[in-house]
Every structure is written in structure tokens, then in C-alpha cells.
Amino acid sequence: MQLVNDLGNRNIKDAIEEYPEIGSILGRYEIGCIKCSVGTCQLKDVVSVHFLGEEIEKRIEEEINIYLQGL
């Protein structure tokens, strides 16, 4: 997963705190990271561990990048 500003290498909790819409995007794909109390997984790994398939992973990556580029 290649995200703008190397955001994929940040932990999920910090990424969502700084960019709340990422939590909404993940939630649409039933990735419930907003509710996680630990939040130390890297954003790029969060998507892959849910085994959503390459097509959906690519869609999530595109949605997040579109959001980040629009800021």
C-alpha cells in the first residue's frame, strides 16, 4: 500500500487521529480500527491483515490517497 506522505508506515491510531476520514474509509470496508484501544499496527498492515483481496485493498488505497491529496 503506497500512501501519500508515507502515511502507510504510521501507526493506525495516530493516522486516524490526524486524519479522521481514514477511519470512516476503513469503516466502510468493515475494518473497525477506530474502536481499537492499542492502535500500534501500521496503517498499511491493517488493510492487508483483513484479507479483503487485492482489488478492495487497491480501492481503499485510492480512497485514502484521494482524501489526503484533497487536504
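Residues numbered from 1 in each chain as written. Predicted model: local features only at pLDDT ≥ 70, side-chain atom pairs only at ≥ 80, totals over all residues. Heavy atoms only, no water.

**Student:** An account of the overall build of the protein is requested, with residue identities and associated values reported.
**Tutor:** Scanning the protein from terminus to terminus reveals four helices and zero strands. Taken from the N to the C terminus, the helices and strands of the protein come in the order α-α-α-α. What you see for the protein is a C-alpha radius of gyration of 11 Å, in line with the 11 Å of a compact globule of 71 residues. Overall, the C-alpha framework of the protein stretches about 30 × 25 × 20 Å when taken along its three principal axes. Here the protein holds 71 residues, and the buried ones make up 32% of them. (Helix = DSSP H or I, 4+ residues; strand = E, 2+ residues; numbered from the N terminus. Rg over C-alpha atoms; globule rule 2.2 N^0.38 Å. Buried < 20%, exposed > 50% of the residue type's maximum accessible area, 1.4 Å probe, protein only.)

**Student:** Hey, could you go over the pattern of salt bridges for me, with residue numbers and the actual values?
**Tutor:** For the structure shown, the criterion picks out four salt bridges. The partner of Glu-18 in a salt bridge is Arg-10, and the shortest N-O contact between them spans 2.9 Å. When its relative accessible area of 29% is taken as the criterion, Arg-10 is described as partly exposed. For the salt bridge of Glu-21 with Arg-28, the shortest nitrogen-to-oxygen distance reads 3.8 Å. Members of the salt-bridge network, linked through shared partners, are Glu-21, Arg-28 and Glu-63. (Salt bridge = Lys/Arg side-chain N within 4 Å of Asp/Glu carboxyl O.)

**Student:** Would you mind going over the packing of aromatic side chains in detail, with residue names and values included?
**Tutor:** On inspection of all chains with the given rule, the structure shows one aromatic pair. Arranged with centres 6.4 Å apart and planes meeting at 85°, the rings of Tyr-19 and Tyr-67 form a pair that is edge-to-face. One end of the pair, Tyr-19, is in the loop between α1 (12-18) and α2 (21-28); the other, Tyr-67, is in helix α4 (residues 54-69), and 48 residues separate them in sequence. (Phe/Tyr/Trp six-rings, centres within 6.5 Å; stacked < 30°, edge-to-face > 60°.)

**Student:** If you had to explain the packing of α2 against α4 to someone new, which residues and values would you point to?
**Tutor:** Between α2 and α4, whose axes approach to 10 Å, the crossing angle comes to 160°. As far as their axial angle goes, α4 and α2 are roughly antiparallel. Of the two possible hands of crossing, α2 and α4 adopt the one that is right-handed. Across the interface between the two elements, Glu-21, Ile-22, Ile-25, Leu-26 and Arg-28 from α2 touch Ile-60, Glu-63, Ile-64, Tyr-67 and Leu-68 from α4. Across the contact of α2 with α4, the residue classes break down as seven nonpolar, no polar and three charged. (Axes fitted to C-alpha atoms, helices over the stretch in contact; angles between N-to-C directions. Parallel < 35°, antiparallel > 145°, perpendicular 65-115°, else oblique. Left-handed = near helix turned anticlockwise from the far one by under 90°. Contact = heavy atoms within 4.5 Å. Nonpolar A, V, L, I, M, F, W, Y, C, P; charged D, E, K, R; others polar.)

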